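Coordinates in review
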Amino acid sequence: MTIPHISIDTILLFTMVAAALWTVMGRSLLKATIGLAITSAIISILMFRLNSPLAAVFELSVCTGLITVVFVSTISLTKPLTHKEIVELSKERHKRFGYLPIIIIVTAIVLTLIKIRNNVAVAPGADITADVRQVMWNIRHLDMFGQILIIIAGALGVVILFEERKRDEW
Amino acid sequence: MSGESWQSFLTFGFFIVLTFVCGAYCLLVTRNMIRAIIGLELLIKAVTLLIIVVGHVTGRVALTQALVITIIVIEVVVTVIAGGIALRVFRHNNSLYIGDLNKLKG
Amino acid sequence: MPSLLILVPLIGLVALNLPNKDIMRKLAFWFALGLFITQILLAIQHHPVFWNYQLEKMDSFFRVNFSVDHLSFIMLLCIGIVSTASLLVARHTIHDEKERFKLINLLIIASIGMSGTVMTSDIFSMYIFLEITAIASFILIAFEKNIYALEGAFKYLMLSATATIMILTSIAILILAAGSTSFSDISQAVRSPGNNIVVVAIGLFLCGLMIKGGVVPFHAWVPDAYSAAPASVSVLLAGIVTKVAGIYTLIRTITAIFGLDGATRSALLMLGAISILVGAFAALGQKNMKRMLAYSSISQIGYIIIGFGTGTFLGIAGAVFHLFNHSMFKALLFVNASAVESRLGTMDMDKMGGLSAKMPVTGATSVIGMLSAAGIPPLSGFWSKLMIIVALWRSGDHAYSIIAILAGVVTLAYLLIMQRKAFFGKDNESVSEAGLGIKTASVMLAGVLVGIGISFPFIFNRFLAPLREIIHR
């Protein structure tokens with residue numbers, strides 16, 4: 001690979017990695033969740049720039065919105081740590097997570113050294129003008145059935161996991 | 001494929017791999033269940049972006065968008081289930097740490 | 001018309017969850033039983049009218065490219081039988097009707113997912129069906145919501161999701177190379193040599209599948225998930241879910257897409273041999289019955305992988321046959337384990353003993369299951385192991401065939417330990433025979449093992465010989 005030239009995409013991508021890094025290194029869970037939402041929002045902008053508006057809208061509404069809500073509510077339902085515990089944990093975390101920036105930089109250097117020849121990709125296909133809704137409803141029918149099934153399974157799972165038993169058996 | 005779009009694929013691929021490293025490191029190192037789920041989310045996001053980029057450079061945007069929408073739906077369900085399990089574990093143990101739940105050994 | 005196998009359960013599932021739940025709860029069991037038995041019959045018969053006939057109107061609406069060949073038939077048969085066994089066990093181990101209703105719903109979802117996985121010829125649809133099966137399994141493992149179940153489910157979820165990410169990354173690269181997600185397009189694009197990226201993609205894909213199948217070194221989740229799940233779920237998981245999600249998909253993708261070249265072949269042989277040994281020796285040291293069976297599962301999966309790794313017709317047919325047999329005897333042993341668990345409330349083998357006298361059906365069928373697992377003639381497990389060992393010997397991998405034979409002795413050893421501790425010997429505890437459903441399930445599975453063992457030539461001609469078509473494609 002060669003060193004990427006500067007453009008809006010490059011800046012966005014750079015921010016994406018920075019946000020991901022912040023997500024992982026962030027001290028509290030809430031900060032990590034916010035970092036995840038930012039990463040997701042940047043990815044959504046990138047998708048928009050890559051001619052995939054529908055996927056971008058999905059990513060923005062579902063991942064940035066819904067999943068953040070899920071995480072925040074899960075975190076708020078669990079007990080927050082005391083200040084002392086946080087200090088203890090963050091010391092330990094620095095030991096374990098401190099290597100990540102170094103690993104990232106090493107990976108980046110290694111990647112710039114690898115050269116990948118341009119003999120893999122196919123020529124642009126005929127469906128360049130096709131509409132995504134048409135593809136979804138006409139060609140990839142089965143996926144829709146799969147989604148229905150998965151949503152049913154997820155609903156059952158939520159019912160099972162969040163339902164309280166009257167007597168405490170365990 | 002033109003050299004220009006291949007170049008843009010490589011640029012995207014470069015940063016996507018870096019995001020992968022972040023997510024994978026988080027997944028490997030952390031002992032907190034919620035943080036593990038967050039690492040997983042990062043990985044899935046990197047994959048969805050990769051698929052969209054592939055669709056862009058091969059000119060199959062319609063196909064890859066359809067795939068990505070399906071992946072996002074599945075991802076949400078998996079995250080909700082994982083969050084539910086983490087919450088249940090917290091109710092039992094008052095802790096989110098995976099190290100605290102080594103009761104199955106033996 | 002194969003799409004009916006997906007569509008009918010889906011419509012039934014929606015109908016079951018409509019209001020007026022009291023009737024539906026009673027109906028659910030019979031609906032699921034009917035569904036699974038229909039699937040068994042269709043897969044045994046494989047009548048061309050059902051499998052090849054195209055429904056005009058439905059075809060235009062439900063445009064799916066299912067392709068059903070003989071490998072799919074064997075897997076559909078397996079799915080039907082094990083799901084039936086799991087359903088029967090559920091009826092007698094879960095007493096709360098509401099809970100049972102939910103479990104049956106999830107069981108139907110898991111079986112739809114598996115049937116879809118074995119019928120599809122599109123790599124992305126395969127991923128979706130795998131995910132359906134996996135999500136149903138997470139919830140099923142966590143079903144009892146005790147801490148062990150939750151930990152088992154979380155471990156499985158994390159590893160399975162990691163596998164999913166590997167598979168998706170690989171799919172992205174394959175789309176880059178082929179521009180499509182169907183097996184045939186990708187296979188054409190992949191066979192041209194010299195693409196490093198594509199090699200990485202294939203490696204990631206196969207690693208992902210091996211995590212889902214629990215092959216060593218990706219096996220850490222297997223014992224926890226199997227032993228933490230409720231009785232009927234561990235029958236389903238050990239019997240079929242991991243085999244479809246990991247092993248069937250491995251066989252299918254390699255034969256239909258990637259091709260079995262030298263490097264893949266030696267990697268498969270190596271991993272298979274390691275799985276056999278690690279699983280067998282780990283099983284020797286277990287005290288918990290379900291954990292011992294889980295490690296035995298890892299070891300038997302090693303046999304399947306090693307047989308498939310030979311790449312010859314005999315080896316692949318042996319691997320598929322062992323996949324079937326392993327589903328049957330492992331489901332049988334887990335049914336028996338759940339019978340014991342339902343009566344004793346423990347899986348610790350040191351606390352068992354003399355159960356054979358009190359539970360004659362369970363004791364007798366577990367002897368059949370054990371002998372079949374150890375590969376004693378004329379039970380079905382003998383034939384498949386024989387095929388695998390002969391194939392290994394003929395293809396020149398003498399060392400591997402010796403490992404396979406020696407590990408068979410270890411298999412016999414740990415299963416005898418289990419039998420001696422649990423079923424033989426003296427014990428004064430007053431236990432009674434397990435419920436009717438469990439007995440039916442174990443007699444059914446034992447019957448399959450004995451029947452197939454005796455009528456092996458017939459089975460070979462009808463089910464295994466046509467497998468030549470998947471190799472010479």
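Let's shift gears to the overall build of chain C. In terms of helices and strands, chain C carries 22 helices and zero strands. Counting the 473 residues in chain C, one finds 67% classified as buried. Of the accessible surface of chain C, which amounts to about 15,000 Å², a share of 66% is contributed by carbon and sulfur atoms.

Let us look at the overall build of chain B. Secondary structure assignment for chain B yields three helices and zero strands. Secondary structure elements of chain B occur, N-terminal to C-terminal, as α-α-α. Across the 106 residues that make up chain B, the buried fraction comes to 76%. When contacts within chain B are restricted to residue pairs at least 6 apart in sequence, those whose partners lie at least 24 apart make up 55%. Approximately 2,600 Å² of chain B is accessible, and the part contributed by carbon and sulfur atoms is 59%.

The next point concerns the pattern of salt bridges. For the structure on display, the rule yields twelve salt bridges over all chains. A salt bridge links B:Glu75 to B:Lys45; the shortest N-O distance between them is 3.6 Å. On the criterion of sequence distance, the pair formed by B:Glu75 in helix H3 (residues 61–93) and B:Lys45 in helix H2 (residues 33–58) is long-range, its members being 30 residues apart. Accessibility assignment for this pair places B:Glu75 and B:Lys45 in one class, buried. As a salt-bridge pair, C:Lys212 and C:Glu131 come within 3.6 Å of each other at their nearest N and O atoms.

How two helices sit against one another is set out by the angle between their axes and by the gap between those axes. Residues and elements named next belong to chain A. Running from amino to carboxyl end, helix H1 (residues 8–25) crosses helix H2 (residues 29–49) at an angle of 160 degrees, the nearest separation of the two axes being 8 Å. Comparing the axis directions of H1 and H2 gives the class roughly antiparallel. For the pair H1 and H2, the sense of crossing is left-handed. Together, Ile-8, Asp-9, Leu-12, Leu-13, Thr-15, Met-16, Ala-19, Ala-20, Trp-22 and Thr-23 of H1 and Lys-31, Ala-32, Ile-34, Gly-35, Leu-36, Ile-38, Thr-39, Ile-42, Ile-43, Ile-45, Leu-46 and Arg-49 of H2 make up the contact between the two elements. For the contact of H1 with H2, the per-class residue count stands at 15 nonpolar, four polar and three charged.

With that settled, the discussion passes to the interface of chain A and chain B. If you look at the interface, chain A gives 86 residues, while chain B gives 64 residues. Taken over both partners, the interface formed by chain A and chain B buries close to 7,000 Å², and the fraction arising from carbon and sulfur atoms is 77%. Our count for the chain A to chain B interface comes out at one salt bridge. With a closest N to O distance of 3.6 Å, A:Glu59 and B:Lys45 form a salt bridge. Within the residue set of the side of chain A that touches chain B, elements represented by two or more residues are H1, H2, helix H3 (53–77), helix H4 (83–97), helix H5 (100–113), helix H6 (132–139) and helix H7 (141–162) of chain A. The biggest single contributor to the side of chain A that touches chain B is H3(A), with 14 residues. A class-by-class count of the residues in the side of chain A that touches chain B yields 52 nonpolar, 20 polar and 14 charged.

Another point: the side chain of C:Ser384. Residue and element names in this part refer to chain C. Within the element layout of this structure, Ser-384 appears in helix H18 (residues 380–394). The class of Ser-384 is buried, set by a relative accessible area of 0%. Each residue touching Ser-384, except ones within four places of it in the same chain, is listed here: Gly-318, Phe-321, His-322 and Asn-325.

What follows deals with the packing of aromatic side chains. Residue and element names in this part refer to chain C. The final tally for this structure, using the stated rule, is 14 aromatic pairs over all chains. Note on Phe-29 and Trp-30: the rings are 4.9 Å apart at their centroids and 80 degrees apart in plane angle, and the pair reads as edge-to-face. Arranged with centres 4.4 Å apart and planes meeting at 20 degrees, the rings of Tyr-156 and Trp-221 form a pair that is stacked. Within this pair, whereas Tyr-156 is found in helix H8 (residues 147–178), its partner Trp-221 is found in helix H11 (residues 221–228), the two being separated by 65 residues in sequence. Residue classification places Tyr-156 among the buried positions, given a relative accessible area of 4%. Judged by relative accessible area, which is 1%, Trp-221 ranks as buried. For the cation-ring pair, Arg-91 lies above Phe-29, with the distance from its terminal atom to the ring centre recorded as 4.3 Å.

Right, let's talk about the environment of C:Ala374 for a bit. Residues and elements named next belong to chain C. Relative to the elements of secondary structure, Ala-374 occurs in helix H17 (residues 360–374). For Ala-374, a relative accessible area of 10% corresponds to the buried category. Apart from the residues lying within four places of it in its own chain, the contact partners of Ala-374 are Lys-385, Gly-408, Thr-411, Leu-412 and Leu-415.

For C:Thr133, the location among the structural elements is in helix H7 (residues 123–141). Leave out the neighbours within four places in its chain, and C:Thr133 touches C:Ala110, C:Gly113, C:Met114, C:Thr117 and C:Val241.

Moving on to the packing of H17(C) against helix H19 (residues 398–422) of chain C. Residues and elements named next belong to chain C. Where H17 contacts H19, the two axes come as close as 8 Å, and the packing angle between them is 165 degrees. It follows that H17 is roughly antiparallel to H19 by the angle criterion. Note on packing geometry: the crossing formed by H17 with H19 is right-handed. Across from Ser-366, Val-367, Met-370, Ala-373 and Ala-374 in H17, the residues of H19 making contact are Gly-408, Thr-411, Leu-412, Leu-415, Leu-416 and Gln-419.

A few words on empty space enclosed by the protein. Remark: the empty space left among the atoms is shown by a probe the size of a water molecule rolled over them. Considering all chains together, one arrives at four cavities of 30 Å³ or more under this definition. Every residue along the wall of the largest cavity is listed here: B:Ile44, B:Ile71, B:Ile74, B:Glu75, B:Val78, C:Tyr127, C:Glu131, C:Ala161, C:Thr164, C:Ile165 and C:Leu168. Taken together, the elements giving at least two residues each to the lining of the largest cavity come down to H3 of chain B together with H7 and H8 of chain C. Partitioned by chemical class, the residues of the lining of the largest cavity number eight nonpolar, one polar and two charged.

Here we come to unusual backbone geometry. A cis amide bond links C:Val216 to the next residue, C:Pro217, at an omega of 5 degrees. Following C:Pro377, the chain continues to C:Pro378 via a peptide bond in cis, the omega torsion being 5 degrees. Its place among the elements puts C:Pro378 in the loop between H17 and H18. Non-glycine residue A:Asn51 carries a positive phi angle of around 60 degrees. For A:Asn51, the location among the structural elements is in the loop between H2 and H3. Backbone geometry places C:Lys145, a non-glycine residue, at a positive phi of 60 degrees. Structurally, C:Lys145 is set in the loop between H7 and H8. On the basis of relative accessibility, which here comes to 3%, the residue C:Lys145 falls in the buried class.

Residues and elements named next belong to chain C. Helix length check: helix H2 (residues 21–45) (25 residues) gives 35 Å between terminal C-alpha atoms against 36 Å at 1.5 Å per residue, within 8%. The largest bend along H2 reaches roughly 40 degrees and is located at Leu-27. Those residues of H2 lying buried are Met-24, Arg-25, Ala-28, Phe-29, Ala-32, Leu-33, Leu-35, Phe-36, Gln-39, Ile-40 and Ala-43.

Below, the discussion takes up the confidence of the model for chain B. Residues and elements named next belong to chain B. Looking at chain B as a whole, the pLDDT averages 83, with 90% of positions reaching at least 70. Confidence, read as mean pLDDT per element, is least for helix H1 (residues 3–29) in chain B (86) and greatest for H2 (91). Low confidence marks residues 100–106, where pLDDT is under 50. Its contacts with residues over four positions away, or in another chain, come to 18 contacts.

Conventions used here
- Residues numbered from 1 in each chain as written.
- Chains lettered and ligands numbered in written order.
- Predicted model: local features only at pLDDT ≥ 70, side-chain atom pairs only at ≥ 80, totals over all residues.
- Heavy atoms only, no water.
- Helix = DSSP H or I, 4+ residues; strand = E, 2+ residues; numbered from the N terminus.
- Buried < 20%, exposed > 50% of the residue type's maximum accessible area, 1.4 Å probe, protein only.
- Areas by Shrake-Rupley, 256 points an atom, 1.4 Å probe, with all protein chains shown as cover.
- Contact = heavy atoms within 4.5 Å.
- Salt bridge = Lys/Arg side-chain N within 4 Å of Asp/Glu carboxyl O.
- Axes fitted to C-alpha atoms, helices over the stretch in contact; angles between N-to-C directions.
- Parallel < 35°, antiparallel > 145°, perpendicular 65-115°, else oblique.
- Left-handed = near helix turned anticlockwise from the far one by under 90°.
- Nonpolar A, V, L, I, M, F, W, Y, C, P; charged D, E, K, R; others polar.
- Buried area = accessible area lost by both parts, 1.4 Å probe.
- Phe/Tyr/Trp six-rings, centres within 6.5 Å; stacked < 30°, edge-to-face > 60°.
- Lys NZ or Arg CZ within 6 Å of the ring centre and 35° of its normal.
- 1 Å grid on protein atoms, 1.4 Å probe; cavity = no way out; pocket = protein on both sides within 12 Å on 5 of 7 lines; lining within 4 Å.
- Points joined across faces, edges and corners; volume = space filled by probe spheres on them.
- Expected span 1.5 Å × (residues − 1).
- Bend = angle between axes of the 7 residues up to and from the residue.
- pLDDT = per-residue confidence, 0-100.

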